[in-house]
Amino acid sequence: MNSEIMGKLEKIVGRDDVLVSRLSLEMYAYDSSPFIHLPEAVVFPKSTAEVSEIMKLANKHNFKVVPRGAGTCLSGGAVPIYGGIVMALTKMDKILDIDIVNETALVESGVINLRLQQALDPLGYMFAPDPASQKVATIGGNVAECAGGIKGVKFGVTKEHVLGMEVVLPTGEVVMLGKLAGSSLSPNLMGIFNGSEGTLGIITRVLVKLTKKPEDVRTMMAVFASLDKAGETVSTIISRGIVPTTLEIMDQTLVKAVDDFLNLGLPRNAEALLLIEVDGHEIEVDSQIETIVEICLEMGAAGYKKAENSEERESLWLARRSGNGALGRIKPAYMVQDITVPRSKLPEMFRLINSIGKKYSITIAQMAHAGDGNLHPHLLYDPADQEEYHRVELASEEIFKAALDLEGCLTGEHGIGMEKLKYMSLAFSEDDLAFKSKVKKILDPNMILNPGKVLNFGPDTLKGDA
Amino acid sequence: MMTKVLKCNRCGFCQDVCPTYSVSKREYDVARGRIRLARLVTEGSYQWGTYQELEDHIKSCLLCKACVANCPSTVLTDQIMMEARAKINAAKGFSTFHKLVYRGMLSDQRKLRRISGLARFYQHSGARKLVQGTRILGIVKKLKRMEAILPDLPQKNFSQQAPAVLKTLVKPKYRIGYYVGCATNAFFSQVAVAVTKVLQHYGCQVYIPEIQCCGGPHQSAGDFEEARRLAKINIDKISELSVDYIVTDCATCGSTIKEYSSLLMNDHEYARKAIHVSSKLVDVNDFILNHFEISNLNPVNIKVSYHDPCHGIRGLKVSREPRRLLKLIPGLELTEMKQADWCCGGAGSYCFTNPQSSEKILDLKIMNFQKTGAGILATSCPACMMQLGYGLKNHAINARVLHPMQILLQAIEVNSNENK
Amino acid sequence: MICLHDLYTLHEEIKQEIPALSLEINKGELIVYPNNNQEMASFIKYCNEKKIQVIPAGSRTILDNLRHGSNIILSTARMNRIIELAKEDLTVTVESGIQIKELTVFLKQYNFILPVSYQDKPASTIGGLLARDAGGLEEYNHGAISDYVLGLEFVAPTGELIKTGGKTVKNVSGYDFTRFFVRSWGSLGIITKATFKLKPVAEEKCLLISLCKNPIEALEIMEKVFRQKFSAVTFLGMPTDYLGISSGEPYVVLFVLAGSKMVVTKQTEDLSKILKVDKQVAGRDEVDKSIEKIYAALRSLQLIDYSLQMDRKWLFTQAAKLLSSLDNQGVKHIFIDAGRGQIEIKSKQHLPELADYLKQTMTAPDILYTKLKKSLDPNHIMAVENPWLAEVNKI
């Protein structure tokens, strides 16, 4: 990228908000995925107008642009794999309006999820999507990746909480969509930006739906002699008309690792641990949790524990949250998958994953947002052992195929990014993929916005460092 | 270092708790970025001591451990940063500032006393005005900044006051070695006086060992060699005492001494001695709260907010104790500020070496304090006290910084004229 | 526009090309009834090649009175099967021609709902509801139909059969086109199949009715209740006549509470404390039936329908002025849906002062739509006669 373009970028966002030094570029070469590639510059726009200017410039001079929020994508969405500039939206971080009567909030896309929650909390509201990264991830990133989270079973995923967007198209035009459009009858194609992974446009503002904070919450844990039974219990609870906010399953490998790590006194001989949380009105949560206890026992739970106070609740959650860190005690690294299957297929999927692990002699620790059929099998390996890593890759592919056979999908909340590009053809027909490509080409004729993600355009030169 | 660095899977959760990131919003100012830099060097892409930028990013870390406490993969960023600094020192040699202040002053109690004596003379005589008016002080920027941050020094340091304060008790309940750190001794002798008096009030025989700097500042700057030398001297001095506990009022000294054994890991004899020393070491708030019945206190009608020193909450793991102690004082209203456990930006000599970042982090802290409406900002670390005092002065806020022991002493002393 | 003679010729040509298709000519229209997705795809491919313009239609509850002249109507009426109800997964897969009331009745047997109300337009097809992104009477609580689509199958204007989404709530595999048809009015393709997530039916419902003087007072009552954060799913205001209650007061406010028995009982009590409740209907089915009756009465009136799609804040802070002006002119048929933030006015008169508000709801499609429409439908065959899209059609 030549100095003329740099000069123009500096003119748009100001000299301080363009980084070009070698080491600064190293700092924006990665996200939370294993992929790494250096950008040629990093810019920090402060307004929609600046974003639009940059996109126009990029089209004129044909350089690539990769939008970035907090850089917590697990599938490589924020990695500038073909170079170009990284556009960090972290400076567009204002909460512009909170409208309690309409139950909406208008935010710039760089607002951190947690900051919005903190602003809403005293008003008795929340923004329902709560991905694990919510303390640092931005709303724009949540929307672009269609973030899930542990409350997904009751409140759904991010796209169900977005009412309007302001988007800068890859060619630089600014469009107001959904409830920001000022028209409630005209076509509203806002939906295509949900989970578009920053490839169809740059989301600059989001009008989000607010959800009333529940009055009360009850948390419990039940242990089962098999993953199967835990999975069946999940389906049974929901088919009886109770929709908990959380239904998390951990397998024995994880339970043991966490217990070694934190000494919580977890039931180490249990094959599966199910963490359940219900929320709602004060007067109904107790009877709901009682019904769930009955169902668990009916399904053969070996034991259960209800949290009697907030401290006990915290300790039940601690076990769930410490999973990732605790696995480091077994093997130095892991590859985590994100397949999702219809809820009733959970027991079968658990079984299949276990047998795939055995087939390739690798340890797979299973945890799942079971309520919405979203599994996170952690395939453990040692980066120094190339051969083991290869087996992990083979096992992953087999897991994908198994999930698709069960009418599931490749990824529930982490995104395709670069990580799962090569598996897209397993999941979609040629026509399906061609239609997706067509839409991308219509909106981004010069292929400059976040190329190499979701769909495979250009040379296959992806490089990982795992 | 490689193993420690590899543990980072770049989840980025450190962005939430990193004070330097909160003010700059740049990836090189957060643990994930710094660890990435360390990894690039360990993998051979860059060399320590080549890029000034590399050094800046490594040195812009406060070592506040907030990321460590919140890391799902328990990456020890503070240790990695200290080791990285040691590597930079090895490649480039020590900075002038380091040689002058750390090895020159802090490493030698006698020199430190002489220099602080001079500084005191400078502050109290007319010389200050004279110098400030001219440009003599501007020669070294960092020293100039030091000039601004240093609190008004007491007339006498604690070593000079000790003989008058120390009492011999007939039947002491405990025999206490009181570790008076450099900053407490030179800048906050009133804290040391308060600690001594409080301990004596509860029936402790207090001994003041002649120690050296704990070596904490040296470690932070990546000078492990000097830190080990100082640690050994201190271990010997402390081991000579026959006491029940070693009490400290300084979170940094306390947590440094606690970790002597890992610093001296390769020296079996001293590592063993260090474990013994560390088993006796206790934070003064913790000690008082858990060994005595605190009653019959006079009311002290003030509103207090407590700032957690990084080395207190995440080093010594002391944060409830000072609060519980303060709550026992009748009339005292304890109010929590937002982000009470965030670094104040002082971070030892960070306030001198990284003034811009330090100021912004301090502003955040002062703003949070101001919102509580409290008149007293309490904390248990002289380095924090220095930084916070400077912050209050700078923002012209009518409030004072006190160590909990100073407040407790007020509540103990019947004729305290501080009592409103 | 084509003449009747051409329609007969076309009828023969299509018959020859795709013999399985059912066709009929009625009232100057050629109506094509594909029996399945393959027939649908072949027909559209054929239309695209021959540049024949078609109008996708379901039950024509909305389109019918908007369109004039002889046209080719592509009807989903014969594609009305329920393909799969996955009870444990709480999902249902249907063809796009199924009517909402039929689907609702079917799902109710299993205690499930797709929370899009059927009472106002029972014949609406799923495809049509998706194409206009309908919400319905409980939209405040449940959102619109697009919030429930997990997967779609549709035929693009160039004839390809495309699948998007799937059977799971969480799914970020590639672009999400499940909301591609929101207010597309059939112009971007025709939906053939959809998978929805379902909700368990509310255990209990209660309808509370409070009489008042006029719509302005009704809004005040609604705001008061709204701010108390009750579990209300519906907030309606309408003339008393529609309820078949004889009373001195001309206007009523209706609230529907829904949830578990415990919550509804408790909240009914609480609500009665701050609200003068004149009539109360308890029981889930009874409440649904009462609402259905009201809307049946409404449909029989045959009045011009002005629908102002605003928002709640506007209703509570700015609507009063318009309402009193309408009152002065003797306009009585005013319906308020505070949940959705809309006002519907039914009148025999022409009401020019509504023009400003209606304009807000009828702006030209944005550049995003225009770009996609141009390239996805290069021969301009889908729904070009649709007046909602008049602006695009000028391209």
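Just so it is clear, the structure is predicted and the values come from calculations on it, not from any experiment.

A. Molecular detail of the overall build of chain A. Looking only at helices and strands, chain A features 15 helices and 18 strands. Dimensions of chain A along its principal axes, counting C-alpha atoms only, are 70 × 60 × 40 Å. Taking all 466 residues of chain A together, the buried fraction comes to 64%. With the model as given, the accessible surface of chain A reaches about 15,600 Å², and the carbon-plus-sulfur share is 50%. The average position of the 48 basic charges and that of the 62 acidic charges among the side chains of chain A differ by 3 Å.

B. Representation of the packing of aromatic side chains. Under the definition given, this model contains 26 aromatic pairs over all chains. Through successive ring pairs, a cluster of aromatic residues spans Phe435(A), Phe154(C), Tyr175(C), Phe177(C), Phe180(C) and Phe181(C). Sitting over the face of the ring of Phe428(A), Lys436(A) holds its NZ or CZ atom 4.3 Å from the ring centroid. Above the ring of Tyr148(C), the side-chain terminus of Lys197(C) is found at 5.9 Å from the ring centroid.

C. Main features of the arrangement of the chains. Take the two pairs of chains in contact: the one carrying the most contacts is chains A and C. If you take every C-alpha in chain B and every C-alpha in chain C, the smallest gap between them is 20 Å, and the two do not touch.

D. Fine view of the sheet that holds strand β1 (residues 22-26) of chain C. Residues and elements named next belong to chain C. Pairing is mixed across the open sheet formed by four strands, whose spatial order is β1-β2-β4-β3. With partners counted over all chains shown, the strands left at the sheet margins are β1 and β3 (55-57), one partner each. Neighbour-to-neighbour, the strand axes of the sheet open up by a mean angle of 25°, direction not taken into account. Bridge analysis of strand β2 (residues 29-33) against strand β4 (residues 72-75) gives three bridges, and the strand direction is parallel. Across the sheet, the residue bridging to Leu30 is Ile72, located in β4.

E. How the structure looks around the interface of chain C and chain A. Between chain C and chain A, the contact holds 66 residues from the first and 80 residues from the second. Its largest share of buried area at the contact with chain A, chain C owes to Lys170(C), Val172(C) and Tyr175(C), together 15% of the area lost on that side. Connecting chain C to chain A are nine salt bridges. Between the two partners, chain C and chain A, sit 29 residue pairs in polar contact (both at pLDDT 80 or more). The set of elements that each furnish at least two residues to the side of chain C that touches chain A consists of β9 (161-165), α6 (215-227), α7 (261-274), α9 (312-328) and α11 (367-376) of chain C.

F. The interface of chain A and chain B, seen in detail. Contacts between the two partners involve 35 residues from chain A and, on the opposite side, 25 residues from chain B. Note on chain A versus chain B: buried area summed over both sides is about 2,400 Å², and carbon and sulfur give 51% of it. Contact with chain B buries area across many residues of chain A, yet Leu23(A), Met27(A) and Tyr30(A) alone supply 26% of it, more than any other trio. Summed over the shared surface of chain A and chain B, the number is four salt bridges. Between Glu27(B) and Arg68(A) there is a salt bridge, with the nearest N and O atoms lying 3.2 Å from each other. Viewed at the interface, chain B and chain A are joined by 17 residue pairs in polar contact (both at pLDDT 80 or more). Elements that contribute at least two residues to the side of chain A that touches chain B include exactly α2 (22-26) and α4 (113-120) of chain A. Here the element with the most residues in the side of chain A that touches chain B is α2(A); it accounts for four residues.

G. Molecular detail of the environment of Gly117(B). All names here are of chain B. For Gly117, the position within the fold is in helix α8 (residues 109-124). Owing to a relative accessible area of 23%, Gly117 belongs among the partly exposed residues under this scheme. Residues Gly117 and Pro322, 205 residues apart in the sequence, show an inter-C-alpha distance of 32 Å.

H. Spotlight on the pattern of salt bridges. Following the criterion strictly, the structure yields 76 salt bridges over all chains and no others. With a shortest N-O distance of 3.3 Å, Lys25(B) and Asp93(A) are connected by a salt bridge. Of this pair, Lys25(B) sits in the loop between α2 (19-24) and α3 (31-42) while Asp93(A) sits in the loop between β4 (85-88) and β5 (95-99), placing the two residues on different chains. A relative accessible area of 32% places Asp93(A) in the partly exposed class. With a closest N to O distance of 3.0 Å, Glu55(B) and Lys59(B) form a salt bridge. Here Glu55(B) pairs with Lys59(B), and both are found in helix α4 (residues 52-59), just four residues apart, close to one helical turn. According to the relative accessible area criterion, Glu55(B) is buried, its value standing at 10%. The network of salt bridges with shared partners includes Lys108(C), Glu138(C), Lys205(C), Arg284(C), Asp285(C) and Asp288(C).

Rules and cut-offs
Residues numbered from 1 in each chain as written. Chains lettered and ligands numbered in written order. Predicted model: local features only at pLDDT ≥ 70, side-chain atom pairs only at ≥ 80, totals over all residues. Heavy atoms only, no water. Helix = DSSP H or I, 4+ residues; strand = E, 2+ residues; numbered from the N terminus. Buried < 20%, exposed > 50% of the residue type's maximum accessible area, 1.4 Å probe, protein only. Areas by Shrake-Rupley, 256 points an atom, 1.4 Å probe, with all protein chains shown as cover. Lys, Arg positive; Asp, Glu negative; His and termini not counted. Charge placed at Lys NZ, Arg CZ, Asp CG, Glu CD. Phe/Tyr/Trp six-rings, centres within 6.5 Å; stacked < 30°, edge-to-face > 60°. Lys NZ or Arg CZ within 6 Å of the ring centre and 35° of its normal. Contact = heavy atoms within 4.5 Å. Pairing = 2+ DSSP bridges. Axes fitted to C-alpha atoms, helices over the stretch in contact; angles between N-to-C directions. Buried area = accessible area lost by both parts, 1.4 Å probe. Salt bridge = Lys/Arg side-chain N within 4 Å of Asp/Glu carboxyl O. Polar contact = N/O pair within 3.5 Å; in protein donor to acceptor, adjacent residues only side chain to side chain.

Distances and angles like these do not, on their own, reveal function.
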